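One letter stands for each residue in the lines below.
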Amino acid sequence: EGQPAQAGHRETSTYNAITPRYLESIGAVLIKGRHIAENDTAATEPVILVSQAFERRYFPSQDALDQSVNLQVSIYKFRARIVGVVRDIAQLRPGEPPRIAIYQPNAQCAWPFLAFAVRTAVDQGAMVEAVRRAFLAVDPNLPVERIVPLSQLLAGALAQRRLATTLLLIFAALAVVLAAVGLYGVLAVAVAQRSREFGIRMALGAGKRDILRLIISHGLALTIAGVVAGLAAAPLASYSMKQMLYGVQPLDPLTFAAAAVVIVAAALGASIFPAWRAARLDPATSLRSE
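Residues numbered from 1 in each chain as written. Predicted model: local features only at pLDDT ≥ 70, side-chain atom pairs only at ≥ 80, totals over all residues. Heavy atoms only, no water.

Chemist: Before we go on, may I ask you to explain the pattern of salt bridges in this structure?
Modeler: Two side chains carrying opposite charge are able to pair once their charged atoms lie near each other. Within this structure, the stated rule accounts for nine salt bridges. Here R34 and D40 are joined by a salt bridge, their closest N and O atoms 2.9 Å apart. Between D66 and R81 there is a salt bridge, with the nearest N and O atoms lying 2.6 Å from each other. A residue pair is termed long-range when its members are at least 10 positions apart, and D66 in the loop between helix 2 (52-58) and strand 4 (68-73) and R81 in strand 5 (residues 76-86) qualify at 15 residues. (Salt bridge = Lys/Arg side-chain N within 4 Å of Asp/Glu carboxyl O. Helix = DSSP H or I, 4+ residues; strand = E, 2+ residues; numbered from the N terminus.)

Chemist: Help me understand the packing of aromatic side chains, please; the structure alone is not making it clear to me.
Modeler: We describe a pair of aromatic rings using the distance from one ring centre to the other and the angle between the two ring planes. Summed over all chains, the structure comprises five aromatic pairs. A centroid spacing of 6.1 Å and a plane angle of 45° characterise the contact between Y15 and W111, whose relative ring orientation is tilted. In this pair, Y15 is assigned in strand 1 (residues 14-18) and W111 in the loop between strand 6 (101-105) and helix 3 (127-138), connecting sequence segments 96 residues apart. Centre to centre, the rings of F116 and F135 are 5.1 Å apart; their planes meet at 80°, and the pair counts as edge-to-face. Of this pair, F116 sits in the loop between strand 6 and helix 3 while F135 sits in helix 3, and the two are 19 residues apart along the sequence. In this structure F116 comes out as exposed when scored by relative accessible area, which is 56%. On the basis of relative accessibility, which here comes to 17%, the residue F135 falls in the buried class. Among the aromatic residues, ring-to-ring pairing joins Y15, W111 and F113 into one connected group. (Phe/Tyr/Trp six-rings, centres within 6.5 Å; stacked < 30°, edge-to-face > 60°. Buried < 20%, exposed > 50% of the residue type's maximum accessible area, 1.4 Å probe, protein only.)

Chemist: What exactly am I supposed to notice about unusual backbone geometry here?
Modeler: If a residue is not glycine, its phi is most likely negative; likewise, a peptide bond is most likely trans. In this model, R21 sits at a positive phi of 75°, which is unusual for a non-glycine residue. Structurally, the position occupied by R21 is in the loop between strand 1 and helix 1 (22-25). Here S74, not a glycine, exhibits a phi torsion of approximately 60°, which is positive. Along the chain, the position of S74 falls in the loop between strand 4 and strand 5. On the basis of relative accessibility, which here comes to 52%, the residue S74 falls in the exposed class.

Chemist: How should I be thinking about the pairing of strand 3 (residues 47-51) in this particular structure?
Modeler: On a regular strand, each side chain points to the face opposite its neighbour's, so the side chains alternate between the two faces of the sheet. Extensive coverage of strand 3 is indicated by the burial of five of its five residues. Of the two faces of strand 3, the one lined by V47, L49 and S51 and the one lined by I48 and V50 are each fully buried. As paired elements, strand 3 and strand 5 share five bridges and run parallel to each other. Residue pairing for strand 5: L49 is matched across the bridge by G84. In terms of strand pairing, strand 3 meets strand 6 through two bridges, oriented antiparallel. Residue pairing for strand 6: L49 is matched across the bridge by Y103. (Pairing = 2+ DSSP bridges.)

Chemist: Looking at this model, I keep getting lost on the nonpolar core. Mind explaining?
Modeler: One broad trend across soluble globular proteins is that nonpolar side chains are buried collectively. Residues I48, V50, F54, L71 and I82 are the most contacted members of the largest nonpolar core, which totals 15 residues. Mapped by element, the contributors of at least two residues to this core are strand 3, helix 2, strand 4 and strand 5. At four residues, strand 5 tops the list of elements feeding residues into this core. Among the nonpolar cores identified, the runner-up in size contains ten residues, and A28, I36, V47 and V83 belong to it. (Core = buried A, V, L, I, M, F, W, Y, C linked by side-chain atoms within 4.5 Å.)

Chemist: For this particular structure, what's the right way to read the packing of helix 6 (residues 208-240) against helix 7 (residues 253-279)?
Modeler: How two helices sit against one another is set out by the angle between their axes and by the gap between those axes. At a minimum axis separation of 8 Å, helix 6 and helix 7 run at an interaxial angle of 155°. Accordingly, the angle class assigned to the pair helix 6 and helix 7 is roughly antiparallel. Regarding helix 6 and helix 7, the two cross each other, and that crossing is right-handed. Partitioning the contact of helix 6 with helix 7 into residue classes produces 20 nonpolar, four polar and one charged. (Axes fitted to C-alpha atoms, helices over the stretch in contact; angles between N-to-C directions. Parallel < 35°, antiparallel > 145°, perpendicular 65-115°, else oblique. Left-handed = near helix turned anticlockwise from the far one by under 90°. Nonpolar A, V, L, I, M, F, W, Y, C, P; charged D, E, K, R; others polar.)

Chemist: In this structure, what is going on with the side chain of N106? I would like to understand it.
Modeler: Looking at where N106 falls in the secondary structure, it is placed in the loop between strand 6 and helix 3. Taking relative accessible area as the criterion, N106 reaches 11% and is therefore assigned buried. With near-sequence residues (within four places) excluded, N106 lies in contact with A17, I18, T19, W111 and L114. (Contact = heavy atoms within 4.5 Å.)

Here it is as structure tokens:
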């Protein structure tokens, strides 16, 4: 109310008709104001709760509490007062952007179907029959479409992302193995080609540790160059896969650091065997073979 309407433009919102204690049952957080109460009926003043995104969008410089909103839900038009602001909730899928949402007492705008949230301290699977019996006790003819644990609904919502993540993990593991094998091959060839050099070094007093350090440092230098190049390109790749990520920021420094550590550890393992072979070379044999 009080904001000029634009011709031909309609403001839309996610809408939920709820009963008292529904938001508490699903763990929603009330930022300010009050929850829906038992005395919010069709005979009382129409009231609504709104999301934080709603308040940011329509009341950026003032408090949304006690403000009035003109609504149309289906064919019903009415004026309602905001009595509470609820923390933004993912409505369709985890990780979605905050939605402009309205929560209205079901008693003030009843719907012909309802979804119930049952909060329990025992195993969710054990509650299925108990919940069904509770509905039958109220009305034996009341149809109950399905009773599904929230964890199962969440698993279904994340199934596609989980599959994509699994495939990415498999490809990432293969990439690490291929990188380690490639580095091993490069160092093995380098050791074979530089056997005379190692023989001369050892004849002049270089110890096995010196040869080990030389080969491993060469392998790590190649690896670090690759890691730096990979970290430079990683943000672009992360943003391109943003829709597949849940609970991880595209520029998560801990994830990047962990990936770098894994690559360096794999490279270190691939460098040890060629370095060990080079350290075991007999100087006389190496020089004679040339």
